[in-house]
Amino acid sequence: MQDTNKRVYISTYGCQMNVNDTERMFSLLEMANYSPVATPEQADLIIINACSIREKPVHKVYSEVGTFRLLKERNPQLRIGVGGCVGQQEKENLLKWSPLIDFVFGTDSIDLLPSLVEKAYEDNAGKIVEAKFQHRSPYHIETMVRKPGVATFVNITKGCDNFCTFCVVPYTRGREKSRPLSHVMEDVKRLIQRGIKEITLLGQNVNSYESECGADFSDLLERLALETPLERIRFTTSHPKDFNQKLANVMFRNQPKVCEYIHLPFQSGSTRILERMNRGYTREEYIEKIAMIRATIPNVVLSTDIIVGFPGETEEEFLETISMVQTIGFETIFAFKYSPRPFTKAAKFTDQIDEVVKDERLARLFKAYDVVAQEMVKRYDGQILDILVEDYDEKRGNLHGRSSQNKNVYFIGDKSLVGQTVQVKITKAFPATFRGELVTHDFVTAGAVTTGLMAQEMEISGLENSL
Ligand code: 5AD
Ligand code: SF4
């Protein structure tokens, strides 16, 4: 067993799946008598849990580890570990790169963390790398969140078998596995007992979920909607090739419990590039899929992921991406410059695009999106939306919650409303966040929204999407 009263600091970068993994790490380490601390200076154990989907987070890990040099000199008992997708991807390289790192662990080794840490503290422990995939073991994890709050994420699949040629996920998260439906149901019921009102089902490709009992994703969604008292159910990420009519029907049938929001990455508007990306659909098929979804769920709100500057992308092909944004009407886009990732096919393509061209295309894409987004959000001005209140900001006196369409709404109200669904009239709709006024309670302070909100909006619109 570990000594009592040790302190752990975990630094997390990347997608929601990484955030969930960090919660799992904290929970497991708490059972081994580690308490979480807010700064690395206070810690006996530092863990960096980082995503590697795009290049920057890898660099961040390297530079963050460097900042711990002084701490390690001052406290030889300090242990530093690197986990998550970066651990899985880099393995021994991390140890070669920095003597400050004591242990490295992969995405399938999180449950081994307490024993790895114990080993790392043994005399003459040496460096440790634990990054094997557990291909054969079933995916039986229970959601571990320390303070579940009002809304939480529930993993239903892990890994991915799609092998899009740009994407490192199949190599960092391994083969796709689904949790049994009965386990997910039990897990969600436990979370509800802890106060959860909303869940987001999480996986790299939730639409290809398949329980060992034969249930598919639509079946899971419907069972959760019909058999639990959840107020809201969301899911991410969907893959266009697997999003079918049955799922759209289930979403529509179970509104408003199942939210009217779909994140459906299209990545490129050019069929030739989509083929090179190995996405499994053409431009036309994506457009048809959106038409099917809209015909079934008339009020649906859409968001997407886009990559610009994929190898070989011509100016004309890039313009096809812009035209998708202009014609489909995504309310939110998450757009990235293509970044070559280790092990992936596209990294070896010889027609890589110049960084300057990628920068310029990304800027043009955002500019085109901005025009569309400003126009699209206008319809929300003056609308009354049902907001499930998630948190209260003591400093600003603001409540924050989301609408069914996944809009972040900030408004003045009492802390006691956290966890309730209230009606809010939208007074200002920005593309990423809305301001509003409570309409269902007496203590509305009309117009009393602080200027601090603007700052929040800037921060939030700069957030990157999660897988
Ligand atoms: N380069 C740039 N963007 C990428 N994404 C995934 N891999 C890469 C890469 N190599 C983007 C995709 C995906 C989102 C989560 O990240 O758009 O949908
Ligand atoms: Fe899988 Fe999504 Fe990566 Fe494609 S982009 S390989 S679907 S995780």
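Remember, it's a predicted structure, so these values are computed and weren't measured experimentally. (Residues numbered from 1 in each chain as written. Chains lettered and ligands numbered in written order. Predicted model: local features only at pLDDT ≥ 70, side-chain atom pairs only at ≥ 80, totals over all residues. Heavy atoms only, no water.)

### Regarding the site of ligand 1
Link 1 in the chain: Near ligand 1 lie 12 residues; those nearest to it are Arg54, Phe166, Gln267, Asp305 and Ser339.
Link 2 in the chain: Phenylalanine 166 is positioned such that a nitrogen or oxygen atom in its backbone is 2.9 Å from a nitrogen atom of ligand 1.
Link 3 in the chain: For ligand 1, a nitrogen atom lies 2.8 Å from a polar atom in the backbone of serine 339.
Link 4 in the chain: Summarising the interface, the protein chains cover 97% of the accessible area of ligand 1, which totals 410 Å² for the free molecule. (Near = heavy atom within 4 Å. Polar contact = N/O pair within 3.5 Å; in protein donor to acceptor, adjacent residues only side chain to side chain. Areas by Shrake-Rupley, 256 points an atom, 1.4 Å probe, with all protein chains shown as cover.)

### Notes on the domain arrangement of the protein chain
Link 1 in the chain: Domains assigned within the protein chain are domain 1 (6-130), domain 2 (151-373) and domain 3 (381-467).
Link 2 in the chain: The gap between the C-alpha centroids of domain 2 and domain 3 is 26 Å.
Link 3 in the chain: With 23 residues of domain 2 in contact, the opposing surface of domain 3 contributes 18 residues.
Link 4 in the chain: Carbon and sulfur atoms make up 48% of the surface buried where domain 2 meets domain 3, a total of about 1700 Å² over both sides.
Link 5 in the chain: At the surface where domain 2 touches domain 3, the tally comes to two salt bridges.
Link 6 in the chain: We note a salt bridge from glutamate 331 to lysine 407, for which the minimum N-O separation is 2.6 Å.
Link 7 in the chain: The tally of links from domain 2 across to domain 3 stands at 10 residue pairs in polar contact (both at pLDDT 80 or more).
Link 8 in the chain: Split by residue class, the side of domain 2 that touches domain 3 holds 10 nonpolar, five polar and eight charged. (Domains from an automatic or database assignment. Contact = heavy atoms within 4.5 Å. Buried area = accessible area lost by both parts, 1.4 Å probe. Salt bridge = Lys/Arg side-chain N within 4 Å of Asp/Glu carboxyl O. Nonpolar A, V, L, I, M, F, W, Y, C, P; charged D, E, K, R; others polar.)

### Remarks on helix α13 (residues 315-328)
Link 1 in the chain: Helix length check: α13, at 14 residues, gives a terminal C-alpha distance of 20 Å against a target of 20 Å (1.5 Å per residue), a fit within 8%.
Link 2 in the chain: Of all the positions in α13, only Glu317, Phe318, Thr321, Ile322, Met324, Val325 and Ile328 are classed as buried. Taken around the axis of α13, the buried residues stretch over an arc of 155°, which confines them to a single face. Opposite the buried face of α13, at more than 90 degrees from it, the exposed residues are Glu316 and Thr327.
Link 3 in the chain: Those residues of α13 that are buried are in contact with α11 (271-277), α12 (283-296), β13 (301-308) and α14 (355-377).
Link 4 in the chain: Once α13 ends, the next one or two residues include glycine 329, with phi positive near 85°. (Helix = DSSP H or I, 4+ residues; strand = E, 2+ residues; numbered from the N terminus. Expected span 1.5 Å × (residues − 1). Buried < 20%, exposed > 50% of the residue type's maximum accessible area, 1.4 Å probe, protein only. Arc of directions from axis to C-beta.)

### Things to note about the packing of aromatic side chains
Where two aromatic rings form a pair, the distance of their centres and the angle of their planes describe that pair.
Link 1 in the chain: This model, assessed by the stated rule, comprises 13 aromatic pairs.
Link 2 in the chain: For the pair phenylalanine 266 and phenylalanine 330, a centre-to-centre distance of 5.5 Å together with 20° between the ring planes defines the contact as stacked. Taken together, the residues phenylalanine 266 in the loop between β12 (261-263) and α11 and phenylalanine 330 in the loop between α13 and β14 (332-337) connect sequence positions 64 residues apart. As far as the burial class goes, phenylalanine 266 and phenylalanine 330 line up, both buried.
Link 3 in the chain: On the numbers, 6.1 Å between centres and 85° between planes, the contact of phenylalanine 310 with phenylalanine 349 is edge-to-face. Placement of phenylalanine 310 in the loop between β13 and α13 and of phenylalanine 349 in the loop between β14 and α14 is noted, with a sequence separation of 39 residues between them.
Link 4 in the chain: Look at phenylalanine 310 and you get buried, because its relative accessible area is 0%.
Link 5 in the chain: Between lysine 6 and the ring centre of tyrosine 121, over which it is positioned, the NZ or CZ distance is 3.3 Å.
Link 6 in the chain: In this arrangement the basic side chain of arginine 146 is found over the ring face of phenylalanine 26, its NZ or CZ atom lying 3.9 Å from the centre. (Phe/Tyr/Trp six-rings, centres within 6.5 Å; stacked < 30°, edge-to-face > 60°. Lys NZ or Arg CZ within 6 Å of the ring centre and 35° of its normal.)

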